[in-house]
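# Secondary and tertiary structure notes
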Amino acid sequence: MARSRPASSRWTLLLAFVVLVACLVAPGVSVKHENFKKCSQSGFCKRNRAFADEATTQASSWSSPYELDASTIRFENGQLEGVVIKTVSSNEKVRLPLTISFLESGVARVVVDEEKRTKGEIELRHDSQARKQRYNEAGQWALVGGLDLSQSALLSSEAEPGFTKITYGPDNKFQAIIHHAPFNVEFQRDGETHVQLNKKGYLNVEHWRPKVDLPEGEESVEDQSTWWEETFGGNTDSKPKGPESVGLDISFPGYSHVFGIPEHADSLSLKETRGGSGNHEEPYRMYNSDVFEYELNSPMTLYGAIPFMQAHRKDSTVGVFWLNAAETWVDIVKTKSSSNPLSLGVGSKTSTQTHWFSEAGQLDIFVFLGPTPREMSKTYGELTGYTQLPQQFAIAYHQCRWNYVTDEDVKEVDRKFDKYQIPYDVIWLDIEYTDGKKYFSWDPLTFPDPKGMEEQLDESERKLVVIIDPHIKNTNDNPVDQELQSKELGVKKKDNTLYEGWCWPGSSHWVDCFNPAAIKWWVNLFKYDNFKGTLPNVFIWNDMNEPSVFNGPETTMPKDNMHYGNWEHRDVHNVNGLTLVNATFNALVERKKGELQRPFILTRSFFAGAQRVSAMWTGDNQATWEHLAISLPMVLTNGVAGFPFAGADVGGFFNNPSKELLTRWYQTGIWYPFLRAHAHIDTRRREPYLVGDPYMGIISQALRLRYQLLPAWYTAFHEASVNGMPIVRPQYYVHPNDENGFAIDDQLYLGSTGLLTKPVVQEGATSVEIYLADDEKYYDYFDYTIYQGAGKKHTVPAPLEKVPVLMQGGHIIPRRDRPRRSSGLMKWDPYTLVIVLDKNGEADGSLYVDDGETFDFERGGYIFRRFRFGENTLTSEDIGTTGPKTAGYLKTMAGVHVEKIVVVNAPSTWHDRTSVTVMEDGAKSATTASLQYFAQPAGKAAYAIVKNPDVAIGKAWKIDF
Ligand code: NOJ
């Protein structure tokens, strides 16, 4: 029988826990730096930086000790194989198998492994059961396609001795020049180098070696202090495999901006990290962590990681995807070079050198040669998947707080939204709904009738999201935990016994979603018969999945914990959160046989690929103006990194926002792809109907604007789901040749609509300065005030009641103008088309519509139209493809029409016109609809309104103006 602890020690533990939880829940001032490693406190980070320093300071005499053995090179079917030799000393050489795959998409993949570990010819310490190989399964979680090898890639015969050249990519315009000694690779497009690996000689594969215990008093030549174990914050990592990091420098010659590698609370254009004015001192870190009260403008790690980076310059975008699930850091340094030393910087070119290093795993890098941001999004998405097309409700407004306290409370909030005529689609329940933090249960006192609550929500097509975390309460009266234990589905300790740690429920176990049996079990838990009290309008929030462990090192799991397949937690840490969401996704797909609705899951932790199964939010922000401001670059960065379904807690999680801040946050939040208000348990209630006049009205107007534009949003989500384009786009995506705009990250474009907004993120501001890149006219969304002038900022009024948003000439924007309580109730509403004519009197736009719920769209059950205006005629043309569900869907939509057309910048020749001629496909004769022309004072565009042209949204038609 286990001995119970003496009472005093139990009390100490309890007290420690209470203090810890208090720290985690009570708002303080700022992040506790001492809880998270700095580079100098992380052995492999320190070693790789020191290695880089040595290579840099000794540049003239430095030679990278890695050489590709020419006699081993084979090239076949788009793939080059060989062995890189690392020379440790004259009699010690390490064999590192190399594979470079040239993919059909034009992406090249470089993998370096370590022969000894691959063959298992190493010894582990401490009787560890861990796998001897370097982790090579990150791709199983992150990659879903795009791996077909190029059939046209060619080994070039021109190469001189010491080089191997491969031509590949579209029209064979790409070339990889592999230098054998020292080993480095240049990736060229049209004869110019855009990406170079190991140019600086920072390649570092820490090979396996046995620990040699030196006689007392003797010291090893190398500093081995962090090789065999590491202690941080009182936790010791036993490191049974010794040091095994991989590092490499990746240069982007001629590129002055790099973007991506979320998640950090920082600018969109990444900063330099080796010190200097305005730069960071620390590398950008990616080690998914629950960082309490995270700080801004910082390279510190946050909850998720996507090691995908884009480098951008005028006319070109390239990038790399560093496929590694272990802790990773990235240093960034920019250098100026000039062909003329007397030019004083004029005409000089900036280049960016990045240095990546991960604690474990293979070196596995994908190199993208663009050449456009669009191409980057597409090819990266081919590999890791595109955003799942969400249900319609998921892109509408979500109302959350920690916590709605009873089912009656939820019903009351629901009624209040209706009473005050504020639209919303989803209400959320945080951890307090559970019976004592046992997930898959309801508190019987506070939520006695969950189904009754869900039914009330369903009456207005609303949904409920409930939280389910990966930590399972460790008590005898928790059947879920009993099963987890008996079926051995939990994460284990280094000695292979079940791991126990602390989270919301107190003592907990963690489901190991790397284990197929655990996934199967998890999927089962969500079945309606198991998770009693849930109806089909219930969806899931996966939180704390970094995983967050209150008493663990850096608030997470020990690195020597063990997962399914005998991988150490160190190997898989960054992919851990994705495995949970992945399992939950499967669960929602399979809740009931025959029920085919698209899942909705919100995740806090993520890795490359999470976009296929979830939305994300930026975690525990604060109710400050600075946090409001940083949400924009954070959301934009996620879009650049292929995970655009992103948002931040509207209102700020910690503390109470002022009414002005809350209002401005809603006006900003309506531009997040994921729009949810959320608040900490200690904050005051702040549902929009509680804030009083004029704020409540202003917030409702902002939300109405989001609902009005849902057709445009859904079309943008569709685009993301087929080609990876960000849903909200930064300046450099839309104007890739305008250098002045590359670093702009406080204004954004909605999909391809030409809608440009710059939210107000400053207290007391009454206007914003919007930068316009091109000479096209832009029009205020509400009153058509004209803004024009390329390469400069324009002052746009933004008093509190105004959302500053412009429409670029040349676009057609689909809307639905009838105010409803939820998006579900808009299903059969008619459309409005806003045609914003450009200087040639033309405009173009598209609309994607489907049932917003099922997977029928995959079998043609959708409408996809292109609208074009030119030569005074508006046409609607089908740009979809048909399938077995097309005809049926079109039939259900037959009664959904266009009820209004607004033409902005209408030509003055229309002033006496009163009608347009409408010709719908299949109609016997043309009809007419009324047109009214509105002149406006100078500075504002004239416009015309066509009322009720009565054309079906799903049909082809033509309207002559
Ligand atoms: C942490 C999450 O970030 C926060 O949004 C949530 O309210 C709390 N966990 C409680 O579940």
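Residues numbered from 1 in each chain as written. Predicted model: local features only at pLDDT ≥ 70, side-chain atom pairs only at ≥ 80, totals over all residues. Heavy atoms only, no water.

### Quick notes on the UniProt feature "domain: Glycosyl hydrolase family 31 C-terminal" (unreviewed entry) in the protein chain
The feature "domain: Glycosyl hydrolase family 31 C-terminal" (unreviewed entry), as given by UniProt, occupies residues 724–813 in the numbering adopted here. Between the end C-alpha atoms of residues 724–813 the distance is 21 Å, and the span holds 4% helix and 36% strand. (UniProt positions renumbered as here; feature names shortened; annotations may be inferred. Helix = DSSP H or I, 4+ residues; strand = E, 2+ residues; numbered from the N terminus.)

### Thoughts on the domain arrangement of the protein chain
By a frequent convention, interface size equals the accessible area lost on bringing the separate parts together. Entries for the protein chain in the domain assignment read domain 1 (1–30), domain 2 (41–210 + 241–371), domain 3 (468–604) and domain 4 (731–960). Computed over C-alpha atoms, the centres of domain 3 and domain 4 are 44 Å apart. Counting residues at the interface gives four residues for domain 3, matched by seven residues for domain 4. When domain 3 packs against domain 4, the two sides together hide about 440 Å² of surface, and 55% of this comes from carbon and sulfur. Broken down residue by residue, the surface that domain 3 buries against domain 4 is led by L596, Q597 and R598, which jointly contribute 91%. Joining domain 3 to domain 4, the criterion identifies two salt bridges. Residue D851 pairs with R598 through a salt bridge whose shortest N-O separation is 3.4 Å. The interface formed by domain 3 and domain 4 contains four residue pairs in polar contact (both at pLDDT 80 or more). (Domains from an automatic or database assignment. Contact = heavy atoms within 4.5 Å. Buried area = accessible area lost by both parts, 1.4 Å probe. Salt bridge = Lys/Arg side-chain N within 4 Å of Asp/Glu carboxyl O. Polar contact = N/O pair within 3.5 Å; in protein donor to acceptor, adjacent residues only side chain to side chain.)

### What to know about the pattern of salt bridges
Between side chains of opposite charge, a pair can form as their charged atoms come close. In this structure the tally under the stated criterion is 60 salt bridges. Between R47 and E206 there is a salt bridge, and its shortest N-O distance comes to 2.7 Å. Residue R47 is located in helix α2 (residues 43–57), and its partner E206 is located in the loop between β11 (204–205) and β12 (230–232); the two are separated by 159 residues in the primary sequence. Of the residues examined, E206 reaches a relative accessible area of 5% and is grouped as buried. The shortest N-O distance in the salt bridge between R95 and E115 comes to 3.2 Å. Of this pair, R95 sits in strand β4 (residues 92–102) while E115 is found in helix α3 (residues 115–118), placing the two residues 20 residues apart along the sequence. For R95, a relative accessible area of 36% translates into the label partly exposed. Several salt bridges converge on common partners, so that one network encompasses D237, R285, E327, E359, E554, K559, E568 and R570. (Buried < 20%, exposed > 50% of the residue type's maximum accessible area, 1.4 Å probe, protein only.)

### Focus on the side chain of D851
Within the secondary structure, D851 is located in the loop between β45 (843–850) and β46 (862–870). Of note is the side chain of D851, whose polar atom sits 2.9 Å from the backbone nitrogen of E853. A distance of 2.5 Å separates polar atoms of two side chains, one belonging to D851 and the other to T854. Among all residues touching D851, those that are not within four sequence positions of it are R598, K827, D856 and Y889.

### Some points on helix α7 (residues 450–459)
Here α7 has its buried residues at P450, G452, M453, E454, Q456 and L457. Turning to α7, the residues buried within the fold contact α6 (407–419), β23 (426–429), β24 (463–467) and β28 (538–542). Looking at the residues trailing α7, positive phi occurs at E461, about 60°.

### Concerning the packing of aromatic side chains
Tallied over the entire structure, the rule returns 59 aromatic pairs. Considering the side-chain rings of F252 and Y255, the 6.5 Å spacing of their centres and the 70° angle between planes classify their relative orientation as edge-to-face. Comparing F252 with Y255, the two get one shared label, buried. Ring-pair connections join several aromatic residues into one group, and the members of that group are F393, W428, F539, W541, F600, W617, F645, F674 and F717. Directly above the ring of W227 sits R209, whose terminal nitrogen or CZ lies 4.1 Å from the centroid. (Phe/Tyr/Trp six-rings, centres within 6.5 Å; stacked < 30°, edge-to-face > 60°. Lys NZ or Arg CZ within 6 Å of the ring centre and 35° of its normal.)

### Section: the sheet that holds strand β27 (residues 506–510)
If you walk across this open sheet you meet the three strands as β25-β27-β26, and the pairing is antiparallel. This sheet does not close on itself; its edge strands, each paired only once, are β25 (471–473) and β26 (501–503). For this sheet the average axis-to-axis angle between neighbouring strands, irrespective of direction, equals 60°. (Pairing = 2+ DSSP bridges. Axes fitted to C-alpha atoms, helices over the stretch in contact; angles between N-to-C directions.)

### Examining the site of the ligand
Near the ligand you find 13 residues, and of these D430, D543, R604, D620 and H678 are the closest. Interatomic distance of 2.9 Å between a side-chain N/O atom of R604 and an oxygen atom of the ligand. In the model, an oxygen atom of the ligand is placed 2.9 Å from a nitrogen or oxygen of the H678 side chain. Protein chains bury 99% of the 300 Å² of accessible surface belonging to the ligand in isolation. (Near = heavy atom within 4 Å. Areas by Shrake-Rupley, 256 points an atom, 1.4 Å probe, with all protein chains shown as cover.)

### So, the environment of H794
With respect to the helices, strands and loops of the structure, H794 is situated in strand β41 (residues 792–797). For H794 and L525, which are 269 residues apart along the polypeptide, the C-alpha to C-alpha distance reads 55 Å. Once residues within four sequence positions are removed from consideration, H794 is found in contact with V768, E769, I770, L772, Y787, Q788 and G789. Of note is the side chain of H794, whose polar atom sits 2.9 Å from the backbone oxygen of G789.

### Observations concerning the nonpolar core
Of all hydrophobic cores here, the largest spans 171 residues; its most connected members are L429, W522, F526, F600, W671 and M807. Each residue touching L429, except ones within four places of it in the same chain, is listed here: N403, Y404, V410, W442, F447, M453, L464, V465, V466, I467 and W541. The next biggest cluster of nonpolar side chains, apart from the first, holds 49 residues, and it includes V110, F252, V258 and M309. (Core = buried A, V, L, I, M, F, W, Y, C linked by side-chain atoms within 4.5 Å.)

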